Amino acid sequence: MSETIFHTKGLTKVYRSGAQEVHALRGVDFRAARGEFIVILGPSGSGKSTFLNIVGGLDTATAGEAWFEDHQLTTLDERGLTQYRRDHVGFVFQFYNLVPSLTARENVALVTEIARHPMSPDDALALVGLTDRRDHFPAQLSGGEQQRVAIARAIAKNPEVLLCDEPTGALDSATGIKVLEALAEVNRRVGATTLVITHNAAIREIADRVLRFADGRIVEETVNATKKSPAEVSW
Ligand SMILES: Nc1ncnc2c1ncn2[C@@H]1O[C@H](COP(=O)(O)OP(=O)(O)OP(=O)(O)O)[C@@H](O)[C@H]1O
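Here we summarise the structure given alongside this text. The structure presented is a predicted model; accordingly, all values stated were derived computationally and were not measured.

### Topic: the environment of Glu 221
Then step 1. Along the chain, the position of Glu 221 falls in strand E10 (residues 217-223).
Then step 2. Spatially, the C-alpha atom of Glu 221 lies 22 Å from that of Arg 188, the residues being 33 residues apart in sequence.
Then step 3. Filtering out sequence-adjacent residues up to four positions away, Glu 221 remains in contact with Arg 209, Val 210 and Leu 211.
Then step 4. A polar contact of 3.0 Å, which involves the side chain of Glu 221, links it to the side chain of Arg 209.

Structure (structure tokens):
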């Protein structure tokens, strides 16, 4: 059996505001093998982002366990979580959060300057097919190109894990496919274990495994015997 990189046991998250409680996660048991490409589907409010944020060290659990390799994330303090994120995790969100006054290469270099084992900004931009745009500013790039810069920035520190929350949510399908191609390429070439949250069920076909969340739980899991390349997917 392949090596486990993440696992969770009974992962539970309750948000409290005043007297109100929201049960965002109701006991999630999960395992990911190193290098897997996992797509996460499920209705709005089903707990997908909460789950991703906890395994990414951006949020903490109310109960249960979340492990990355032999680190118990649920016992780390703020400082430990920051270190975990810095050393191991790349994030890609729906909105790219690039620094407008910096070029593509400079945006990526912001991360490589503080990383322990970075690749060069040029190599990261080449992986996402943006070598010829590296001296452009974000305003001179399309939405899809900006998202590919954000992916280059996330992978330039050579993270073991790439966590993506709606990476194609703001993009049309042709542009979204280019972004997915960049993610698939990074997963293949760098071997980063990749989790992608999406509302777009067509994207399931490019995954090794698909998880469906509903009401704070994983209610369905599908293993794809063969996966498609992003270019073969349409929506
Ligand atoms: N900071 C918070 N405070 C209170 N409730 C929250 C907070 N963050 C999320 N929730 C609630 O937890 C539940 C799960 O939210 P979550 O964002 O994980 O769902 P999701 O499946 O990612 O939804 P979407 O697809 O709309 O992004 C929702 O009911 C949400 O309103």
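### Describing unusual backbone geometry
Trans peptide bonds make up the majority, and among non-glycine residues the majority have a negative phi.
Then step 1. Unlike most non-glycine residues, Asn 158 shows phi in positive territory, near 60 degrees.
Then step 2. A positive phi is found at Asp 215, a non-glycine position, where the angle reads about 50 degrees.
Then step 3. Within the secondary structure, Asp 215 is located in the loop between strand E9 (209-214) and E10.

### Notes on the site of the ligand
Then step 1. Around the ligand sit Tyr 15, Val 22, Ala 24, Pro 43, Ser 44, Gly 45, Ser 46, Gly 47, Lys 48, Ser 49, Thr 50 and His 199, and those are all the residues in its vicinity.
Then step 2. Interatomic distance of 3.0 Å between a backbone N/O atom of Gly 47 and an oxygen atom of the ligand.
Then step 3. With the chains in place, 60% of the 630 Å² that the ligand exposes on its own is no longer accessible.
Then step 4. For the shell around the ligand, the leading source of residues is helix H1 (residues 48-55), giving 3 residues.
Then step 5. Its residues assigned to classes, the shell around the ligand shows 4 nonpolar, 7 polar and 1 charged.

### Thoughts on the nonpolar core
Then step 1. Within the largest apolar cluster, 38 residues are counted, with the highest numbers of intra-cluster contacts made by Val 39, Val 149, Ile 151, Leu 162 and Leu 183.
Then step 2. Looking at which element gives the most residues to this core, the answer is helix H5 (residues 143-155), with 6 residues.
Then step 3. One finds Leu 52, Val 89, Leu 211 and Phe 213 within the second-largest nonpolar core, a separate group that totals 25 residues.

### Topic: H1
An α-helical turn contains 3.6 residues, so any two residues separated by three or four positions project in the same direction.
Then step 1. Where burial is concerned, most of H1 is hidden: 7 out of the 8 residues are buried.
Then step 2. Looking at the residues trailing H1, positive phi occurs at Gly 57, about 75 degrees.

### Observations concerning the sheet that holds strand E3 (residues 37-41)
Strand pairing in a sheet relies on backbone hydrogen bonds. The paired strands run either parallel or antiparallel.
Then step 1. Here 6 strands make up an open sheet; going across it, the order is E6-E7-E8-E3-E9-E10 and the pairing mixed. The open sheet terminates on both sides in strands that have one partner only, identified here as strand E6 (89-92) and E10. Direction aside, neighbouring strands of the sheet carry axes that sit 20 degrees apart on average.
Then step 2. Taken together, the 4 bridges between E3 and E9 define a ladder with parallel strand orientation. Its bridge partner being in E9, Ile 40 is matched across the sheet by Leu 211.
Then step 3. Contacts from H5 reach E6 and strand E7 (161-165) within the one sheet, and its direction differs from that of E6 by about 170 degrees.

### Some points on the pattern of salt bridges
Then step 1. For the coordinates displayed, the defined rule picks out 18 salt bridges.
Then step 2. Among the salt bridges present, the one from Asp 87 reaches Arg 116, with a minimum N-O distance of 3.6 Å. Separated by 29 residues along the polypeptide, Asp 87 in helix H2 (residues 78-88) and Arg 116 in the loop between helix H3 (104-112) and helix H4 (121-127) bring together distant segments of the chain.
Then step 3. Taking the relative accessible area as the measure of exposure, Arg 116 reaches 56% and is therefore exposed.
Then step 4. Lys 227 is the salt-bridge partner of Asp 208, the closest N and O atoms lying 3.0 Å from each other. One end of the pair, Asp 208, is in the loop between strand E8 (193-197) and E9; the other, Lys 227, is in the segment after E10, with 19 residues separating them in the sequence.
Then step 5. Look at Asp 208 and you get partly exposed, because its relative accessible area is 23%.
Then step 6. A residue is classified by how much of its surface remains accessible, and Lys 227, at 41% relative accessible area, is partly exposed.
Then step 7. The network of salt bridges with shared partners includes Arg 105, Asp 122, Arg 134 and Asp 135.

Quick notes on the rules
Positions within a chain are numbered from 1, following the residues in the order the chain's sequence is written. Note on the predicted model: pLDDT of at least 70 is required for a residue's local features to be given, and 80 or more for side-chain atom pairs to be given and counted; whole-chain, interface and lining totals, by contrast, use all residues. Only hydrogens and water are set aside when side-chain values are computed; all heavy atoms of the structure are taken into account. Secondary structure elements follow DSSP: runs of H or I of four or more residues count as helices, runs of E of two or more count as strands, with numbering from the N terminus. The contact criterion used throughout is that any non-hydrogen atoms of two residues lie within 4.5 Å. Polar contact is defined as a pair of N or O atoms within 3.5 Å, subject to the rule that within protein one atom must be able to donate a hydrogen and the other to accept it, and that residues adjacent in sequence are counted only when both atoms are side-chain atoms. We call a residue near a molecule or strand as soon as one heavy atom of that residue lies within 4 Å of the molecule or strand. The protein chains shown are the only cover counted for residues, whose accessible areas, like all others here, come from Shrake-Rupley with a 1.4 Å probe. Under the scheme applied here, ten amino acids are nonpolar (Ala, Val, Leu, Ile, Met, Phe, Trp, Tyr, Cys and Pro), four are charged (Asp, Glu, Lys and Arg), and all others, including Gly, are polar. Only buried Ala, Val, Leu, Ile, Met, Phe, Trp, Tyr and Cys residues count toward a nonpolar core, and they belong to the same one when joined by side-chain atoms within 4.5 Å. Only protein chains enter the accessibility calculation, which uses a 1.4 Å probe. A residue is then buried if its area is under 20% of the maximum for its type, exposed if over 50%, and partly exposed in between. Between any two strands, at least two bridges found by DSSP are needed for them to pair. Between the N-to-C directions of two axes lies an angle of 0 to 180 degrees, each axis being a line fitted to C-alpha atoms and, for a helix, fitted only over the stretch in contact. Just to be clear on terms, a salt bridge is a Lys or Arg side-chain nitrogen sitting within 4 Å of an Asp or Glu carboxyl oxygen.

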